[in-house]
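Structural characterization, general
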Amino acid sequence: MIGALRSSRRAGRTELAAFVEGIDREAEDLAERTDAHFDSEVAALRSALSSAGLRDALVRRGFALVREAARRTLGTPHYDVQLYGGWIMIHQGLAELEMGEGKTLAATLPAAVAALAGIPVHVITANDYLVERDARAMAPLFARLGITTGFVVEREPSEDARRAAYACDVTYVTNKQVAFDYLRDRIAGAGDLRLARALGLEAAGGPRDALLRGLCFAIIDEADSVLIDDARTPLILSRLGAPTDEYAVTTALQLARELEAGTHYRIDRSRARLELTQQGRARVESLARDLDGPFAGPVRREEWVQRALCAEHLFQRDRHYLVHDGAIEIIDLPTGRRAPDRAFEAGIQSLIEAKENIAITPQRETIARISYQRFFQRYLRLAGMTGTAREVARELWKTYDLRSVTVPTRIPSRRRATAPQICRSADAKWQTALERIRELHAAGRPVLIGTSSVATSEHLSALLAESGLAHQVLNARQDQEEARVVARAGEAGRITVSTRMAGRGTDIRLGSGVAGAGGLAVISAELAESRRIDRQLFGRCGRQGDPGSCEQLVSLEDRMLASHLPTWLPRAVQRLCCSTRLGLLLIRTAQRTEERRSALARRRLLASERALQDLLGFAGRGE
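Below is a summary of the structure that appears in this document. (Residues numbered from 1 in each chain as written. Predicted model: local features only at pLDDT ≥ 70, side-chain atom pairs only at ≥ 80, totals over all residues. Heavy atoms only, no water.)

Describing the pattern of salt bridges
The test is simple: A pair is scored as a salt bridge if a Lys or Arg side-chain nitrogen falls within 4 Å of a carboxyl oxygen belonging to Asp or Glu. For helices the rule is a DSSP run of H or I covering at least 4 residues; for strands it is a run of E covering at least 2, with both sets numbered from the N terminus onward. Burial here depends on accessible area, computed with a 1.4 Å probe over protein chains only, as a share of the maximum for the residue type. Under 20% is buried, over 50% is exposed, and the range in between is partly exposed.
Evaluated as defined, the whole model comprises 35 salt bridges. With its nearest N and O atoms 3.9 Å apart, the salt bridge here joins Glu258 to Arg283. In this pair, Glu258 sits in the loop between helix H13 (246–256) and strand E9 (265–268) while Arg283 sits in helix H14 (residues 278–287), placing the two residues 25 residues apart along the sequence. Since its relative accessible area comes to 44%, Glu258 is described here as partly exposed. One salt bridge in this structure joins Arg436 and Glu439, with 3.0 Å as the shortest N-O distance. Highlighted residues: Arg436 and Glu439, both in helix H19 (residues 426–442), separated by three residues, approximately one helical turn. In this structure Arg436 comes out as partly exposed when scored by relative accessible area, which is 22%. Look at the salt bridges and you will find they share partners, linking Asp35, Asp39, Glu68, Arg71, Arg72 and Arg144 into a network.

Here it is, written out as structure tokens:
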């Protein structure tokens, strides 16, 4: 069985049926047994797993017990596809389960069996809401098996509470929380008591006890979002440092605003890069002739001006950050959520604060850092699940040794997809979107429209309001309300405008009469950076055999096409008929270009971190 998992990327229905038949044989008599007999079976399995480990026969028996526990406590025994997904994960694979197939329940299978074997388990998911929801929902199932559960969320500052949660057999936690707690443990236990005291990590009389019991077994939900999309950003544990040089910040912005694009600097938006030209350097030297401090010498002067230009032109309000309660809050691009605990590096944070005329915060001093690649490589056992893995299967295998296997859907999909529609201009695209939304709304179908940024979601919202179409908006400004908004998105006639759908978690259930009208209609109004992100949006419709449709509207002026294609190509295409075949070629070219560049950035981050660890001389195999 393991050989088949290691060598195949897609599970067939015949293989699935044979696997489930084996578990069915194990479970034939469990449903008729008393609670006392069930408890004795669990105790016997715990003893066998503790002594023999995760052998296939014991795992199969464990799955049968977990499924029966789910039937008795939740009233929802695991479906066949969930059983197979759990089997993939217990053998350290990544199960690609279609959205809506019940990944939360599927994760209880490997988590429970590993916990019965005495292995501490971290079930890692995308946000605090899902952490608490899933932990509370699955707690009765685990309790029936004698397994303790806990969860860690950001609003819990108490070390004792966190330590108690990590001490449970199964702990639900976000990737960010567990990684930062790991860094705090490393600092507190590294022997540098000065740093430990500075962070408040030292107990009276010596270093405090570790929060974590080690990195034993991680089961990652939305694994591609965590392991791929988040992997471009290193995790940095910092503290407030010296006051920011406000003179340097404001002067750099003033100088940058005296420069002209194309003449004094060039912008490569596809690579998020900006560089001064020779004329630009001469202009900066002329402007800074009577300035002192960091502007007296050419190297520091040009560094400050170049960073200021980046803050002005590469970091856009309502796309890369929000101004919220008088502070800059980063928008996490893969998820579209606010990340209030993060800050831009290399002085960009202070420059953006000055650009937006808000109080400039002190500099941050880095104390510890790690990439998600290095962090998750340190787990003894690693598994995951997602609905969108096939595009990055090679990278997951090379970086994390995770083999992804696509599991067939429980019920054949009824989702209807139409070819992308290419519009010559952004205005034409939005008008086409409005007409399509009116048509679907009149038919009584709920509509979910996906956008890539706060700014575009609010632009579409304004157009809908002008047209008299009532709607809901879900973006970084409303992320606290996301569960309620998403849960109601399947009601008849409802219109929902949303940014990224990765990690939203909440199912969109169809309201009364919606299935007969054609189900949920999903419209992508902006081209995403990768095919996976488009599929995350489209996967919201047609779940578990429901009807539904998905379609894509793209403008030749959209950022993705404008940034990743030669400048002459979109202009040339505007003179031609925007055929479906040509449109598909443009879309695939732009997305593949961005996917390659993102993958390269992740490889460079991992390589630089390894080089740094080797240089410092304390790299090891990890915990």
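More follows now that the structure is in view.
What about the sheet that holds strand E12 (residues 327–332)?
The pairing of strands in a sheet happens through backbone hydrogen bonds and is either parallel or antiparallel. As a reminder, the rule being used: Pairing between two strands requires that DSSP report at least two bridges joining them. Comment: axis = line fitted to C-alpha atoms, over the contacting stretch for helices; angle = value between 0 and 180 degrees taken between N-to-C directions.
A sheet is described by the order of its strands in space; here three strands give the open sequence E11-E12-E13, paired in antiparallel fashion. With partners counted over all chains shown, the strands left at the sheet margins are strand E11 (321–324) and strand E13 (337–339), one partner each. In this sheet, adjacent strand axes meet at a mean angle of 45 degrees when their direction is disregarded.

Some remarks on the side chain of Thr244
Definition in use: Any pair of nitrogen or oxygen atoms within 3.5 Å is treated as a polar contact; in protein, a donor-acceptor pairing is required on top of that, and neighbouring residues in sequence qualify only through side-chain atoms on both sides. Residues are treated as being in contact if the distance between any of their heavy atoms lies within 4.5 Å.
Here Thr244 shows up in the loop between strand E8 (235–240) and H13. A polar side-chain atom of Thr244 sits 2.7 Å from the main-chain carbonyl oxygen of Thr361. If we ignore the near neighbours within four places in the chain, the residues touching Thr244 are Val249, Ser350, Ile360, Thr361, Pro362 and Gln363.

Here we look at the sheet that holds strand E3 (residues 149–152)
Strand order in the open sheet formed by seven strands is E3-E4-E2-E7-E15-E1-E16, with parallel pairing between adjacent strands. Either end of the sheet is taken by a strand with one partner, and the two such strands are E3 and strand E16 (403–406). Within the sheet, the average angular offset between the axes of one strand and its neighbour, ignoring direction, is 20 degrees. Sheet topology note: the E3/strand E4 (residues 170–174) ladder contains four bridges and is parallel. Residue pairing in the sheet places Val152 in a bridge with Val173 of E4. Along the sheet, helix H9 (residues 159–166) contacts strand E2 (121–125), E3 and E4; its crossing angle with E3, the most-contacted strand, is approximately 135 degrees. Against the sheet, helix H10 (residues 175–188) touches E2, E3 and E4, its axis set at about 100 degrees to E4.

As for H13
For H13, every residue scored as buried is listed here: Ala248, Val249, Thr251, Ala252, Leu253, Leu255 and Ala256. Elements that come into contact with the buried residues of H13 comprise H14, helix H15 (298–313) and helix H16 (348–355).

Section: the environment of Phe375
In this structure, Phe375 sits in helix H17 (residues 372–377). Note on Phe375: relative accessible area 0%, which makes it buried. Phe375 sits 200 residues away from Asn175 along the chain, and the two C-alpha atoms are 9.8 Å apart. Ignoring sequence-local partners within four residues, the contact set of Phe375 consists of Val178, Ala179, Tyr182, Leu215 and Ile370.

A short note on a positive patch on the surface
Operational definition: Nonpolar side chains (Val, Leu, Ile, Met, Phe, Trp, Tyr) are joined into patches within 5 Å and like charges within 9 Å, using only residues with over 30% relative accessible area and no salt bridge. Per-residue and other accessible areas follow the Shrake-Rupley method at a 1.4 Å probe size, with only the shown protein chains counted as cover for residues. Charge assignment in this entry is limited to Lys and Arg as positive and Asp and Glu as negative, and neither His nor the chain termini are counted. Where a charge lies is defined by one atom per residue type, namely NZ (Lys), CZ (Arg), CG (Asp) and CD (Glu).
A cluster of basic residues, Arg273, Arg394, Lys398, Arg603 and Arg604, forms a positive patch at the surface. At the level of elements, helix H18 (393–400) and helix H26 (580–616) are the ones that each hand at least two residues to the positive patch. Its location among the elements puts Lys398 in helix H18.

Points about unusual backbone geometry
Positive phi, close to 60 degrees, is recorded for Asp401, a residue that is not glycine. Within the fold, Asp401 resides in the loop between H18 and E16.

With respect to H9
The line we're drawing: Along the arc lie the directions from the helix axis toward the C-beta atoms.
For H9, the full list of buried residues reads Arg162, Ala165 and Tyr166. In an axial view of H9, the angular spread of the buried residues amounts to 95 degrees, which keeps them on one side of the axis. Of the surrounding elements, those touching the buried residues of H9 are E2, E3, E4 and H10. At the N-terminal end of H9, a side-chain oxygen is found 3.3 Å from the backbone nitrogen of Asp160, two or three residues along, and the residue is Ser158.

Regarding the nonpolar core
Inclusion rule: Here the nonpolar core consists of buried residues drawn from Ala, Val, Leu, Ile, Met, Phe, Trp, Tyr and Cys, with membership extended through side-chain atoms lying within 4.5 Å.
Counting residues in each nonpolar core, the largest one holds 55 residues, and the members touching the most others are Phe63, Leu145 and Val170. The element contributing the most residues to this core is helix H4 (residues 56–73), with eight residues. Those residues in contact with Val170 that sit more than four places away from it in its chain are Ala111, Ala115, Val121, Val123, Phe142, Ile147, Thr148, Thr149 and Gly150. In terms of nonpolar packing, the next biggest core, distinct from the first, is built from 37 residues, Ile124, Val178, Ala368 and Leu402 among them.

A few points about the packing of aromatic side chains
Heads up, the condition is: Stacked, edge-to-face and tilted are the three classes for Phe, Tyr and Trp ring pairs, Trp counted by its six-membered ring, which pair at centre distances within 6.5 Å; planes under 30 degrees apart are stacked, over 60 edge-to-face, the rest tilted. The criterion for a charge sitting over a ring is simple: Lys NZ or Arg CZ within 6 Å of the ring centre, and within 35 degrees of the ring normal.
As enumerated under the stated definition, the model contains eight aromatic pairs in all. With 6.0 Å between their ring centres and 15 degrees between their planes, Phe376 and Tyr379 make a pair best called stacked. Here Phe376 matches Tyr379 in class, with each residue buried. Taken together, the ring pairs in this structure connect Tyr182, Tyr372, Phe375, Phe376 and Tyr379 into an aromatic cluster. The positively charged end of Arg410 is found above the aromatic ring belonging to Tyr79, 3.9 Å away from the centroid.

What to know about the pairing of strand E1 (residues 93–96)
Neither face of E1 is left uncovered, since the one carrying Gly93 and Ala95 and the one carrying Leu94 and Glu96 both have all their residues buried. Where E1 lies against E16, four bridges are found, and the strand directions are parallel. Counted as the bridge partner of Ala95 is Val405 from E16. For E1 and strand E15 (residues 381–386), the ladder comprises three bridges, and the chain directions are parallel. Looking at the pairing, Ala95 lines up with Met385 of E15.

What about the pairing of E11?
Direction of pairing for E11 relative to E12: antiparallel, over a ladder of four bridges. Note that in E12 the partner of Leu322 across the bridge is Glu329. Counted between consecutive antiparallel strands, the loop separating E11 from E12 contains two residues, among which Asp325 sits at a positive phi close to 55 degrees.

Quick notes on the side chain of Arg381
For Arg381, the position within the fold is in strand E15. For the buried Arg381, no salt bridge exists, and the shortest N-O distance to an oppositely charged side chain is 8.7 Å, to Asp56.

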